[in-house]
Amino acid sequence: MGPPPSAAHHREIDLRTTAGTAACSAGLAWVRRTLSDWGLVGRGQDAVLVAAELLANAVEHADGIHRLTLAHHDRLLQIAVTDPSAAPPRLREHRPGSIGGHGLFLVDRLARQWGWRPNGRGKTVWADLDLGP
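As the structure is a prediction and not an experimental result, all values here were calculated from the model. (Residues numbered from 1 in each chain as written. Predicted model: local features only at pLDDT ≥ 70, side-chain atom pairs only at ≥ 80, totals over all residues. Heavy atoms only, no water.)

Novice: How should the overall build of the protein chain be read in this particular structure?
Specialist: For the protein chain, the count of helices and strands is 3 helices and 5 strands. Shown N-terminal to C-terminal, the secondary structure of the protein chain runs as helices and strands in the order β-α-α-β-β-α-β-β. The contacts in the protein chain between residues at least 6 apart in sequence include a share of 64% that link residues at least 24 apart. Total accessible area on the protein chain is roughly 7300 Å²; 49% of this is exposed by carbon and sulfur atoms. (Helix = DSSP H or I, 4+ residues; strand = E, 2+ residues; numbered from the N terminus. Contact = heavy atoms within 4.5 Å. Areas by Shrake-Rupley, 256 points an atom, 1.4 Å probe, with all protein chains shown as cover.)

Novice: Explain the sheet that holds strand E3 (residues 76-83) here, please?
Specialist: Picture the strands of a sheet paired through backbone hydrogen bonds; they go either parallel or antiparallel. Strand order in the open sheet formed by 5 strands is E1-E2-E3-E5-E4, with antiparallel pairing between adjacent strands. Strands with a single pairing partner mark the edges of an open sheet, and in this sheet they are strand E1 (9-14) and strand E4 (113-119). Adjacent strand axes in the sheet meet at a mean angle of 15 degrees, parallel and antiparallel pairs treated alike. Two strands pair when backbone bridges link them, and E1 and strand E2 (residues 67-73) are joined in this way by 6 bridges, in the antiparallel orientation. (Pairing = 2+ DSSP bridges. Axes fitted to C-alpha atoms, helices over the stretch in contact; angles between N-to-C directions.)

Novice: Is there a simple way to think about the pattern of salt bridges in this case?
Specialist: Where charged atoms from two side chains of opposite charge come close, those side chains can pair. As enumerated under the stated definition, the model contains 5 salt bridges in all. A salt bridge links Lys123 to Asp83; the shortest N-O distance between them is 3.0 Å. Within this pair, whereas Lys123 is found in strand E5 (residues 122-130), its partner Asp83 is found in strand E3, the two being separated by 40 residues in sequence. Residue Lys123 shares its accessibility class with Asp83, and that shared class is buried. Asp130 is the partner of Arg112 in a salt bridge, and the nearest nitrogen-oxygen pair spans 2.5 Å. Linking Arg112 in the loop between helix H3 (103-110) and E4 with Asp130 in strand E5, this pair joins segments that are 18 residues apart in sequence. (Salt bridge = Lys/Arg side-chain N within 4 Å of Asp/Glu carboxyl O. Buried < 20%, exposed > 50% of the residue type's maximum accessible area, 1.4 Å probe, protein only.)

As structure tokens, this is what we get:
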């Protein structure tokens, strides 16, 4: 995956100075504000859930969040989270009865496509969402 989709709108927030769950909360509040600013509140229903999962994974498995990026063009929204770990994300076998471990499964189900790319010493995990008509 290359750059964001010919982004008519592109925003990012640096979350390196905020730790753990506070970074997740700050990131989610920012996603909600940005979607509202872009007039996408009703069309981006899955975006907050996908962002929450990507942010939580960065905190839990990669020791923090560096950056959260949203890019929007036409009916496509890309959410990207950059973290300090070079370890690739792993989509594990889904076990519906387990507590936790559903993050990438949900992202995989809700996104048109998702993936990751190296970013300096870390990585960026991204998900593309269809926003509908």
